[in-house]
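# Summary of structural features
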Amino acid sequence: LDISWFTESMSLGKPLKVEPRHCLGDSSSSVSSDKATQETPSYACQRRTPLHHHNKEIVDALQILALSASFQGSEARYLGFTRAASVLKCLPFTLQSAEEVKDLQFCGGHSKTVIQEILEDRVCREVEMVKNSEHYQSMKVGFKVLTGIFGVGIRTADKWYRDGIRSLSDLNEIEGKLTGEQKAGLLHYTDLQQPVTRDEAERVEQLVKGALQSFVPDVQVTMTGGFRRGKQEGHDVDFLITHPNEEALNGLLRKAVAWLDSKGSILYHHIKGRSHNFARSSTMDGHETCYAIFALPNACPEKSPDAGTIQPDLDKSPPRNWKAVRVDLVVAPYSEYSYALLGWTGSKHFERELRRFSLQVKKMSLNSHGLFDIEKKCHYPATSEEEIFAHLGLLYLTPSERNA
Ligand code: DCT
Ligand code: MG
C-alpha cells in the first residue's frame, strides 16, 4: 500500500497541499489559509480516497449501519455513517485507541461511539444486532432481487417486508406479481449475489465491444464504475459508449443489444431511451441506458452459450457453462462524454459529495450531462475530466483516488 501521497499532503492535521485556489479555504472563502491547513477538507471530492486503506474493520461496521439506516428510510443517519466511513478511508494510519477518535473531523457522535466500542471491545453490539436482525437480512434479499435500477430498490424491498416477505421462498410465492426485472433478479439470484471479478468484467467488455463494433467499428467503449477506480470486484459492470459523430450513436445500443440477445448472451434487458426534454440543471441522468443481465460464458467454455438451455439457478440444476452478470450500458453524446465519464466512475459517495460541493460552494449544478452555473446562467463545456475539476476549482483526482 503506497501512502506516500497521503503522508505528504493529507494527514488529518495537514490536508491536501494544493494551490490556494484549489482549496475550500481559498481566497473566495472566509476561512483563513492558516486555519484551512489545520483541517480535513470537508467534502470527499477534496480528499484523495484510495481503494485500500487502514481501517477496514471499522469502515465495514459503519457501512453496515449506513445500509441499515437506508433500509429504515433514514437518509440523515445513512449520510452520517457514510461520511464517517469516508473520512476513515482517508486516514493514513490504523486507529489504535479510543483517544484518537475524539479529534476526528466530520465524524458524528454516534459514529464515534461505534468506533470507540470496536477499538475497546473488538465488536460493536449495535452492529452485531443490526447484522442479525430479520429486517436487515430480508431487506438485503429484497434489495438484491431488484437488480439495480436506480431509486426503486429500497422502497420495493420495504413494501415486500411489510407484506410479510422474509426470504427468497416467500418471493417465489408472489412470482406472478413481480415485474420482468424482478423475476430476472429472482431467477438469477445466486449468480447475482456473487461478486463480478475483474477477469469476468474484461470478458464482458470483449462481448460488448464486439457487438458495438460490428455496427460502428470505431465506437468508443469505456469500462466505468468501480472497476475504473481499481476495484477487483463489483456488483455489476458499467460501460460508457460514445462516438465523435453523434449520428453514429443513433439506434446503436438497441442494435447491439438485439445482436447479443440473438446470440443467447442476454438473459434480461431493459432499455431506457434518451430523455430529450431532460432539464440540464437537474441531477437526473437522461442518457440512453440499458440495464441488463448477461449470460457470460465461462472462461474455458467446452460448449458455446445457448439461451435454449437457460434454467433457473435456484434449484440444483446441472453445472452451467455461463454465469449471470449485471451489466449497465450507457450512451453519451461526445459533447457530454467527459461529464458522463466523471458521473459514472463514482464512487456513489464521491459523486454525491461532488454535486454537493458544486452546489453549496460553487453555486453550480453538476450532473452526467454538464455543469451549469446557476448565478451566471451558463454551461461549461469540457473535453476531459481534468477540465471539469478545473472548472470547479478542485485539485484533479484520478479515478483510483475517488473511492470515497
Ligand atoms: N452512481 C451515482 N449515483 C447513484 C448510482 C450510481 O452517482 N445513485 C454512479 C456512481 C458509480 C456509477 O454510477 C456506477 O454505479 P454502481 O455500479 O452502482 O457503483 P460501483 O461503484 O460501480 O459499484 P460496484 O463495484 O459494486 O458495481
Ligand atoms: Mg458498478
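Structure report, in brief. For clarity, every value in this text was computed on a predicted model and none was experimentally measured.

Turning next to the site of ligand 1. Taken together, the neighbourhood of ligand 1 is formed by 15 residues, with G226, R229, K231, H235 and D236 sitting nearest. Contacts to ligand 1 include R229, whose side-chain N or O atom sits 2.9 Å from an oxygen atom. Note that an oxygen atom of ligand 1 is positioned 3.0 Å from one of the side-chain N or O atoms of D238. Burial of ligand 1 by the protein amounts to 83% of the accessible area it has alone, namely 550 Å².

A side chain of one charge can pair with a side chain of the opposite charge when the charged atoms of the two come close. The full count for this structure, using the stated rule, is 18 salt bridges. K323 is paired through a salt bridge with E200; the nearest N and O atoms lie 2.9 Å apart. Residue K323 is found in strand β7 (residues 322-331), and its partner E200 is found in helix α13 (residues 198-213); the two are separated by 123 residues along the sequence. Like E200, K323 is buried. A salt bridge links D328 to R326; the nearest nitrogen and oxygen atoms lie 2.9 Å apart. Judged by relative accessible area, R326 falls into the buried class, the value being 4%.

Moving on to the coordination of the magnesium ion (ligand 2). Distances from the magnesium ion (ligand 2) to its protein donors, D236 (OD) and D238 (OD), fall within 2.0 to 2.1 Å. Taken as a pair, D236 and D238 share a single burial class, namely buried.

Residue placement: S167 occurs in the loop between α9 (153-162) and α10 (168-173). Measuring from C-alpha to C-alpha, the distance between S167 and E233 comes to 26 Å, with 66 residues separating the pair along the chain. At 3.1 Å, the side chain of S167 and the side chain of S169 are in polar contact.

Strand order in the open sheet formed by five strands is β2-β4-β7-β6-β5, and the pairing between neighbours is mixed. Edge positions in the open sheet fall to β2 (220-223) and β5 (266-272), since each of these has one partner strand only. Between one strand and the next, the sheet's axes are offset by a mean angle of 25°, whatever the strand orientation. Here β2 runs beside strand β4 (residues 237-242); their pairing, made up of four bridges, is antiparallel. Paired with T222 across the bridge in β4 is L240. The strands that α13 touches are β2, β4, β6 (288-297) and β7; relative to β6, the one it contacts most, it runs at about 120°. Its contacts with the sheet put helix α16 (residues 337-345) on β2, β4 and β7, and the angle it makes with β4 is roughly 175°.

Scoring rules and cut-offs
- Residues numbered from 1 in each chain as written.
- Chains lettered and ligands numbered in written order.
- Predicted model: local features only at pLDDT ≥ 70, side-chain atom pairs only at ≥ 80, totals over all residues.
- Heavy atoms only, no water.
- Near = heavy atom within 4 Å.
- Polar contact = N/O pair within 3.5 Å; in protein donor to acceptor, adjacent residues only side chain to side chain.
- Areas by Shrake-Rupley, 256 points an atom, 1.4 Å probe, with all protein chains shown as cover.
- Salt bridge = Lys/Arg side-chain N within 4 Å of Asp/Glu carboxyl O.
- Helix = DSSP H or I, 4+ residues; strand = E, 2+ residues; numbered from the N terminus.
- Buried < 20%, exposed > 50% of the residue type's maximum accessible area, 1.4 Å probe, protein only.
- Donors = N, O, S within 2.8 Å, 3.2 Å for Na, K, Ca; no water.
- Pairing = 2+ DSSP bridges.
- Axes fitted to C-alpha atoms, helices over the stretch in contact; angles between N-to-C directions.
- Contact = heavy atoms within 4.5 Å.

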